[in-house]
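Here is how the chains run, residue by residue.
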Amino acid sequence: MERTFVMIKPDGVRKGLIGPILTRFEQKGFKLQEMKLMRIERDKAEQHYQEHREKAFFGELVSFLTSGQVCAMVWEGPNAVAAARLLIGHTNPANAAPGTIRGDFALEVAENIIHGSDSAESADREMELFFGTDAKPGIPSFDVDELDSYPAHGTIH
Ligand code: GTP
Ligand code: MG
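As the structure is a prediction and not an experimental result, all values here were calculated from the model. (Residues numbered from 1 in each chain as written. Chains lettered and ligands numbered in written order. Predicted model: local features only at pLDDT ≥ 70, side-chain atom pairs only at ≥ 80, totals over all residues.)

Looking at the site of ligand 1
Reasoning step 1: Taken together, His-52, Phe-57, Glu-60, Leu-61, Thr-91, Val-109, Ala-110, Asn-112, His-115, Gly-116 and Asp-118 are the residues near ligand 1.
Reasoning step 2: Put simply, the parts of the chain that give the shell around ligand 1 at least two residues each are α4 (58–65) and β4 (114–116).
Reasoning step 3: Tallied by class, residues from the shell around ligand 1 come to four nonpolar, five polar and two charged. (Near = placed C-beta within 6 Å. Helix = DSSP H or I, 4+ residues; strand = E, 2+ residues; numbered from the N terminus. Nonpolar A, V, L, I, M, F, W, Y, C, P; charged D, E, K, R; others polar.)

Examining the UniProt feature "active site" (unreviewed entry) in the chain
Reasoning step 1: Look at the UniProt record and you will see "active site" (unreviewed entry) annotated at His-115.
Reasoning step 2: Among the structural elements, His-115 can be located in strand β4.
Reasoning step 3: Among all residues touching His-115, those that are not within four sequence positions of it are Val-6, Met-7 and Lys-9. (UniProt positions renumbered as here; feature names shortened; annotations may be inferred. Contact = placed C-beta atoms within 7 Å.)

Re the nonpolar core
Reasoning step 1: Judged by nonpolar contacts, the single largest core of 31 residues is most densely connected at Met-7, Ile-8, Trp-75 and Ile-114.
Reasoning step 2: Elements supplying a minimum of two residues to this core: β1 (2–8), α2 (18–28), α4, β3 (70–77), α5 (80–88), α6 (101–105) and α7 (120–131).
Reasoning step 3: If you tally residues by element for this core, the top one is β3, at six residues.
Reasoning step 4: Excluding anything up to four places from it in sequence, Met-7 contacts Val-70, Cys-71, Ala-72, Met-73, Ile-114 and His-115. (Core = buried A, V, L, I, M, F, W, Y, C linked by C-beta atoms within 7 Å. Buried ≥ 20, exposed ≤ 12 C-beta atoms within 10 Å, placed from the backbone.)

Points about the sheet that holds β4
Reasoning step 1: If you trace the four strands from one edge of the open sheet to the other, you get β2-β3-β1-β4, paired in antiparallel fashion. Each edge of the open sheet is held by one strand with a lone partner, namely β2 (31–38) and β4. Within the sheet, the average angular offset between the axes of one strand and its neighbour, ignoring direction, is 15°.
Reasoning step 2: Helix-sheet contacts for α7 involve β1, β2 and β3, and the interaxial angle to β1 is about 60°. (Pairing = 2+ DSSP bridges. Axes fitted to C-alpha atoms, helices over the stretch in contact; angles between N-to-C directions.)

Points about the environment of Val-81
Reasoning step 1: Inspection of the secondary structure puts Val-81 in helix α5.
Reasoning step 2: Residue classification places Val-81 among the buried residues on the basis of 20 C-beta atoms within 10 Å.
Reasoning step 3: Taking the C-alpha atoms as reference points, Val-81 and Val-6, 75 residues apart in sequence, are found 9.3 Å from one another.
Reasoning step 4: For Val-81, the residues in contact, after removing those within four places along its chain, are Glu-2, Thr-4, Ser-117, Ser-119, Ala-120 and Ala-123.

Let's talk about the environment of Thr-100
Reasoning step 1: Here Thr-100 is to be found in the loop between α5 and α6.
Reasoning step 2: Residue Thr-100 is classed as partly exposed on the basis of its 19 C-beta neighbours within 10 Å.
Reasoning step 3: For Thr-100 and Ile-88, which are 12 residues apart along the polypeptide, the C-alpha to C-alpha distance reads 5.4 Å.
Reasoning step 4: Those residues within four positions of Thr-100 in sequence are excluded, and the remaining contacts are Leu-87, Ile-88 and Gly-89.

Right under this line is the structure:
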């Protein structure tokens, strides 16, 4: 199953949109794999948007991304990268269709609420940047329910 990296940007967090955005992804059928509310350093913001380094708006973009908390997430589902971008909508919210996240919650390109990876390769890179090996599928994590299957402390066999 494919995974994609999604990040609610500082304007989305400030506007109280974490809940509505989680709801849209869950209603669509995506499964949440990782989520972290965090502030990011300039260096991480620059690495995240490295493909835009030469753009005139790069400095503004990085300052914006570091201006408050972001909510970093990994979502899983069939064709997750493309499907998430459809939910998110056009880069410029003024052109984003109603019903999409940017179409419903934003009007300006510089503050467009949310990021979604643009390819499977970008998703891998961004998941590594924000979650390290945690976001990789197939690595077992500790499951509290499994405790029941372990013998109680001190049990003699
Ligand atoms: P992301 O999911 O955030 O990567 O957006 P995108 O993939 O739809 O668009 P793209 O990667 O081309 O642009 C990255 C981000 O740069 C956009 O989401 C915008 O927030 C920002 N951006 C694009 N154009 C402008 C601009 O003219 N001015 C400013 N300030 N920001 C811009
Ligand atoms: Mg992009």
